[in-house]
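Structural overview for review
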Amino acid sequence: MVRRIRMASFFFRSWAEFSFFVIMVFGFTVSIWASSHSAAISYIVIFLSGMIAGRLLYDRKQKLTIPYYIIISGFLIGFLFGTYYGSKKVIIVLFVLGTLFSYHLYNKGYLKDLPY
Amino acid sequence: MREIVDVQDKIKRYYTFTKSEIKGIVISVLVIAFIISFRDWGHGDQIDLIAGLFNLLNSILIVLLSFIIHISAQRIWSLMTGYKLEWKMWGFGLMAGLIIAFLTNGKFWLILPGGFVVHHMAGHRLGWFRYGINWWAIGLIALMGPLASIIFALVFKAISGIIINSLITKIIAFNVAYALYSLLPIPPLDGSRMFFGSRMTYVFSVFGIISASALISLNASIGITIISSIFIGFVLWLLYYVFIEHKLWFGG
């Protein structure tokens, strides 16, 4: 029981770091999968992933965002590790563009949806 | 008779979609249609633009019709129970669906278009609990969507006995998939509203709709599909109560 409480306490304190590693592995897997098709698919997937990140950051507007930046960067790092076709610089640029594009669409009210 | 006139009046007054809803539905329809027509843009590496656009148009019609059936069933039920339903798209779900379509080359459909919120109309809930929104009512409204989709699939299954057409096959496949995805207990999908509304009803409807979907895919007759799915749903509902829910309620 004590061990469980310690584990829960550890997770509660370090959920962002824990999520960072989980999402990094996820990003790596997605990247390997996307790269198995072609560089173009990797670029499309990273742009769409950037759009998801933008939606997430918009949802966290006016709230605590630093842990989310850590988690999102985990995905990008994982994705970069897994990319073997295509330029890593293009991937970073597309991810940032996707994030900004999506954030802008939601922030200006062009898109409205249910977060949950 | 009085109830029917009342419902007709409510539909006339409150059924209309808002601009925001129409925008959400249009975006969702386009994205989902693109996902389900992903593999219909030519053979192998050859892209046939004309055929692709034709198939995309077909998919848009299929998805639009299915969405209207799904949302209308929920909207009419919500009006009948004194709530006004507002449908909203789910950005995360649509983007995840697109990513999965690209990753799997369109072999796997992830259909997570959105969910709804309800607005309380206190004046239309006279005679019922009218001091706020309750989970049970929302759960029932949510259930109407997947139920309508599976009934729609069954109707087209019956039609496919007379006319065999790839379009009809796609309508059946899409509606079965849409009903099943809607049942997932992930907010804001219908399944989450049903789950919070009543676990017992959720279990019955999930197993009923899953077995109906399986029987439709196995080409069982319509009568057998309906009776068997209700029976399977009932048996699993009972087992769920005996082995899980009963213990949760009374301990042991």
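Report follows, based on the coordinates. (Residues numbered from 1 in each chain as written. Chains lettered and ligands numbered in written order. Predicted model: local features only at pLDDT ≥ 70, side-chain atom pairs only at ≥ 80, totals over all residues. Heavy atoms only, no water.)

1. A closer look at the overall build of chain B
Tallying secondary structure elements over chain B gives nine helices and two strands in all. Relative to the 2.2 N^0.38 estimate, which gives 18 Å for 252 residues, the radius of gyration of chain B is 19 Å and therefore close to what a compact globule would have. The C-alpha extent of chain B, read off along each of the three principal axes, is 60 × 45 × 35 Å. Taken over 252 residues, chain B has a buried fraction of 48%. (Helix = DSSP H or I, 4+ residues; strand = E, 2+ residues; numbered from the N terminus. Rg over C-alpha atoms; globule rule 2.2 N^0.38 Å. Buried < 20%, exposed > 50% of the residue type's maximum accessible area, 1.4 Å probe, protein only.)

2. Points about the pairing of strand β1 (residues 83-89) of chain B
Working note: regular strand, side chains alternate between the two faces of the sheet. Residue and element names in this part refer to chain B. Judged by how many residues are buried, β1 sits mostly within the fold: five of seven residues are covered. Where β1 and strand β2 (residues 114-120) come together, seven bridges link them in antiparallel fashion. Opposite Lys84, over in β2, you have His119 as the bridge partner. (Pairing = 2+ DSSP bridges.)

3. Here's the deal with the environment of B:Val235
Position of B:Val235 among the secondary structure elements: in helix α9 (residues 222-250). Sequence separation of B:Val235 and B:Gly208 is 27 residues, and the distance between their C-alpha atoms is 9.7 Å.

4. Some points on the side chain of A:Thr83
Residues and elements named next belong to chain A. Locating Thr83 in the fold gives a position in the loop between α4 (66-82) and α5 (88-107). A relative accessible area of 5% places Thr83 in the buried class. Dropping the residues within four chain positions of it, Thr83 is found in contact with Ser31, Ser35, Lys88 and Ile91. (Contact = heavy atoms within 4.5 Å.)

5. What about the pattern of salt bridges?
All names here are of chain B. On inspection of all chains with the given rule, the structure shows six salt bridges over all chains. Residues Asp9 and Arg13 are paired through a salt bridge, measuring 3.0 Å at the closest nitrogen-oxygen approach. Of this pair, Asp9 and Arg13 are both found in helix α1 (residues 2-14), four residues apart, which corresponds to roughly one turn of the helix. Residues Arg199 and Glu245 are paired through a salt bridge, measuring 2.6 Å at the closest nitrogen-oxygen approach. Highlighted residues: Arg199 in helix α8 (residues 199-217) and Glu245 in helix α9, separated in sequence by 46 residues. Judged by relative accessible area, Arg199 falls into the partly exposed class, the value being 33%. (Salt bridge = Lys/Arg side-chain N within 4 Å of Asp/Glu carboxyl O.)

6. Looking at the interface of chain B and chain A
On the side of chain A, 22 residues touch chain B, which itself brings 22 residues to the contact. For the pair chain B and chain A, the summed buried surface comes to about 1,900 Å²; carbon and sulfur atoms form 79% of the total. The largest per-residue losses of area from chain B upon contact with chain A belong to B:Phe92, B:Met95 and B:Leu103, which jointly make up 37% of the total buried on that side. Across the chain B-chain A interface, the total number found is zero salt bridges. No other element matches the eight residues that helix α4 (residues 91-103) of chain B contributes to the side of chain B that touches chain A. Residues that form the side of chain B that touches chain A fall into these classes: 14 nonpolar, five polar and three charged. (Buried area = accessible area lost by both parts, 1.4 Å probe. Nonpolar A, V, L, I, M, F, W, Y, C, P; charged D, E, K, R; others polar.)

7. Considering the nonpolar core
For soluble globular proteins, the rule of thumb is that nonpolar side chains tend to be buried together. By size, the foremost hydrophobic cluster in this structure holds 81 residues, and its most contacted members are A:Val45, A:Ile46, B:Ile32, B:Val63, B:Phe67, B:Ile111 and B:Phe174. Top contributing element to this core by residue count: helix α5 (residues 135-160) of chain B, with 10 residues. In contact with A:Val45, other than residues within four places in its own chain, are A:Val30, A:Ala34, A:Phe79, B:Ile99, B:Phe102 and B:Leu103. (Core = buried A, V, L, I, M, F, W, Y, C linked by side-chain atoms within 4.5 Å.)

8. Remarks on unusual backbone geometry
All names here are of chain B. With an omega of 10°, the peptide bond between Pro187 and Pro188 qualifies as cis. Looking at where Pro188 falls in the secondary structure, it is placed in the loop between α6 (166-182) and α7 (190-197). Of note in the backbone geometry, Asn105 takes a positive phi value of approximately 60° without being a glycine. Of note, the phi angle at Asn219 is positive, near 60°, even though the residue is not glycine. Considering the arrangement of structural elements, one finds Asn219 in the loop between α8 and α9.

9. Topic: the environment of A:Phe20
Within the fold, A:Phe20 resides in helix α2 (residues 15-35). Beyond its immediate chain neighbours, meaning those up to four positions away, A:Phe20 contacts A:Ile70, A:Ile71, A:Ser73, A:Gly74 and A:Ile77.

10. A word on α6(B)
Residue and element names in this part refer to chain B. The terminal C-alpha atoms of α6 lie 24 Å apart, and with 17 residues this matches the ideal 24 Å at 1.5 Å per residue to within 8%. Buried residues dominate α6, accounting for 12 of its 17 residues. Residues of α6 that are buried include every one of Ile168, Lys170, Ile171, Ile172, Phe174, Asn175, Val176, Ala177, Tyr178, Ala179, Tyr181 and Ser182, and no others. Looking at the buried positions of α6, the neighbouring elements they touch are α2 (19-36), α3 (49-80), α5, α7 and α8. (Expected span 1.5 Å × (residues − 1).)

11. Observations regarding the packing of aromatic side chains
Within a pair of aromatic rings, the relevant descriptors are the distance that separates the centres and the angle that separates the planes. As enumerated under the stated definition, the model contains 24 aromatic pairs over all chains in all. For the ring pair A:Phe75 and A:Phe79, a centre distance of 5.9 Å and an interplane angle of 40° mean the geometry is tilted. In this pair, A:Phe75 and A:Phe79 both sit in helix α4, four residues apart, roughly one turn of the helix. Assessed through its relative accessible area of 9%, A:Phe75 is described here as buried. Of the aromatic side chains, those joined through ring pairs into one cluster are A:Phe26, A:Phe75, A:Phe79 and A:Phe95. Geometry around B:Tyr15 places B:Arg75 over its ring, the cationic atom sitting 5.8 Å from the centre. (Phe/Tyr/Trp six-rings, centres within 6.5 Å; stacked < 30°, edge-to-face > 60°. Lys NZ or Arg CZ within 6 Å of the ring centre and 35° of its normal.)

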